[in-house]
Amino acid sequence: RAAAERTRESVVLVLGGARGITAELMIGFAKEYPCHYILVGRSPEPVPDENDVLNALKTKEEIRKAIIAGGELKTPAEIEQKTQKVFKNNEMLSTLQSFKDNGAKVTYHSLDLRDEKAMTGLVENIYEKYERIDGVVHGAGLLEDKLFRQKTMESFERVFSTKVTPMRVLAEHLRSDVQFIILFSSVASVYGNRGQTDYAAANNVMDFYASELKSKFSGKVTAINWGPWKGTGMVSPELAKEYERRGIPLIPLEAGTQLFVNELKYGKENQVLIMAGESGSFG
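Residues numbered from 1 in each chain as written. Predicted model: local features only at pLDDT ≥ 70, side-chain atom pairs only at ≥ 80, totals over all residues. Heavy atoms only, no water.

### Observations regarding the overall build of the protein
Check the secondary structure of the protein and you find 10 helices and 7 strands. Considering only contacts within the protein whose residues lie at least 6 apart along the sequence, 76% involve residues at least 24 apart. By element, 51% of the accessible surface of the protein is carried by carbon and sulfur atoms, the whole surface being about 14500 Å². (Helix = DSSP H or I, 4+ residues; strand = E, 2+ residues; numbered from the N terminus. Contact = heavy atoms within 4.5 Å. Areas by Shrake-Rupley, 256 points an atom, 1.4 Å probe, with all protein chains shown as cover.)

### A short note on the packing of helix α3 (residues 60-70) against helix α4 (residues 76-101)
The N-to-C vectors of α3 and α4 enclose an angle of 130 degrees; their axes lie 9 Å apart at closest approach. The angle between the axes of α3 and α4 places the two elements in the oblique class. Between α3 and α4 lies a crossing whose hand is right-handed. Residue-level inspection shows Lys-60, Ile-63, Arg-64, Ile-67 and Ile-68 of α3 in contact with α4, the latter providing Ile-79, Glu-80, Lys-82, Thr-83, Gln-84, Val-86, Phe-87 and Asn-90. Of the residues in the contact of α3 with α4, the class split is 6 nonpolar, 3 polar and 4 charged. (Axes fitted to C-alpha atoms, helices over the stretch in contact; angles between N-to-C directions. Parallel < 35°, antiparallel > 145°, perpendicular 65-115°, else oblique. Left-handed = near helix turned anticlockwise from the far one by under 90°. Nonpolar A, V, L, I, M, F, W, Y, C, P; charged D, E, K, R; others polar.)

### Quick look at the pairing of strand β5 (residues 180-186)
With respect to burial, β5 is a largely interior element, 7 of its 7 residues being buried. Alternating positions in β5 separate into two faces, Phe-180, Ile-182, Phe-184 and Ser-186 on one and Ile-181, Leu-183 and Ser-185 on the other, with burial throughout. When strand β4 (residues 135-138) meets β5, the two strands line up parallel, connected through 4 bridges. What sits directly across from Gly-135, in β5, is Phe-180. (Buried < 20%, exposed > 50% of the residue type's maximum accessible area, 1.4 Å probe, protein only. Pairing = 2+ DSSP bridges.)

### Some points on the pattern of salt bridges
Under the counting rule described, the total for this entry stands at 8 salt bridges. Among the ionic pairs, Arg-64 bridges to Glu-80, the shortest N-O distance being 3.1 Å. Residue Arg-64 is located in helix α3, and its partner Glu-80 is located in helix α4; the two are separated by 16 residues in the primary sequence. Residue Glu-80 is classed as partly exposed on the basis of its relative accessible area, which comes to 31%. Measuring nitrogen to oxygen at the nearest pair gives 2.6 Å for the salt bridge that ties Arg-168 to Glu-116. Remark: Glu-116 occurs in helix α5 (residues 116-130) and Arg-168 occurs in helix α6 (residues 153-173); sequence separation between them is 52 residues. Here Arg-168 falls in the partly exposed class, since its relative accessible area comes to 26%. Given the relative accessible area of 31%, Glu-116 is considered partly exposed. It is possible to trace a salt-bridge network through shared partners that takes in Asp-112, Arg-114 and Glu-157. (Salt bridge = Lys/Arg side-chain N within 4 Å of Asp/Glu carboxyl O.)

### A closer look at α5
Over its 15 residues, α5 runs 21 Å from end to end, which matches the ideal 21 Å to within 8%, given 1.5 Å per residue. Where α5 is concerned, the buried positions are Met-119, Thr-120, Leu-122, Val-123, Ile-126 and Tyr-127. An end-on view of α5 places all buried positions within 155 degrees of arc, on one side of the element. Exposed residues pointing more than 90 degrees away from the buried face of α5 are listed as Lys-117, Glu-128 and Lys-129. At the N-terminal boundary of α5, the capping side chain belongs to Asp-115, with an oxygen 3.2 Å from the backbone nitrogen of Lys-117. (Expected span 1.5 Å × (residues − 1). Arc of directions from axis to C-beta. Polar contact = N/O pair within 3.5 Å; in protein donor to acceptor, adjacent residues only side chain to side chain.)

Don't take any of this as a statement about function, it's just geometry.
Set out below in structure tokens:
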């Protein structure tokens, strides 16, 4: 079945969809398909801060200044911890509101995606409650970049299992009538990237799953090897400068969102590489 056949009652499970590029892309997708989105992430469920002033702020700089002006926290560590907490919370609240503004229903579940038992229970509970999962977007990921000789097994496991464990659960517990499974892989899986042996390995497994699962599910199964994004996602300002130095263009959000929607609607391949081209085009 095609994605376009979904109705407002359709259920789409989104892993890692409350913040970052996955959230941005799914908000764009919800404009065309305002159904029920179930977002899953490791962050606690967002609630407005007691300080109404903080709830309206968008950037870390604004939040940090407001916290300092409040005078309640004194040490830099306390201020930074509060800044990060409010920033994440505001991002998630904004995401949830954006889905609603697009006419979609949205719920959020907080769990560790590396917890196989919890992840399995979530999938089973969704089927029990709604009797359907029409689509899945696995956009969760974690970066802990270091040269290979500096990596620890614990760090490697965190990065690797954040992608692979929920993928294994989905492969084993999704019903065959799911309309689409979109896996957010990375260009690191195709070309590699300095300091990302763990991340590249995890994404390579995602690519393999996309290829192997096409015979198990009746719908679309696609891994998208994304290049770096401009102004969002996992690209820090420092990393953006490094990409610029190496002559690697960044994907603009609006163009990338349209490519994502088009790929989900019309794409037929199991694996797709999407990067920005030298002139702002994509290849």
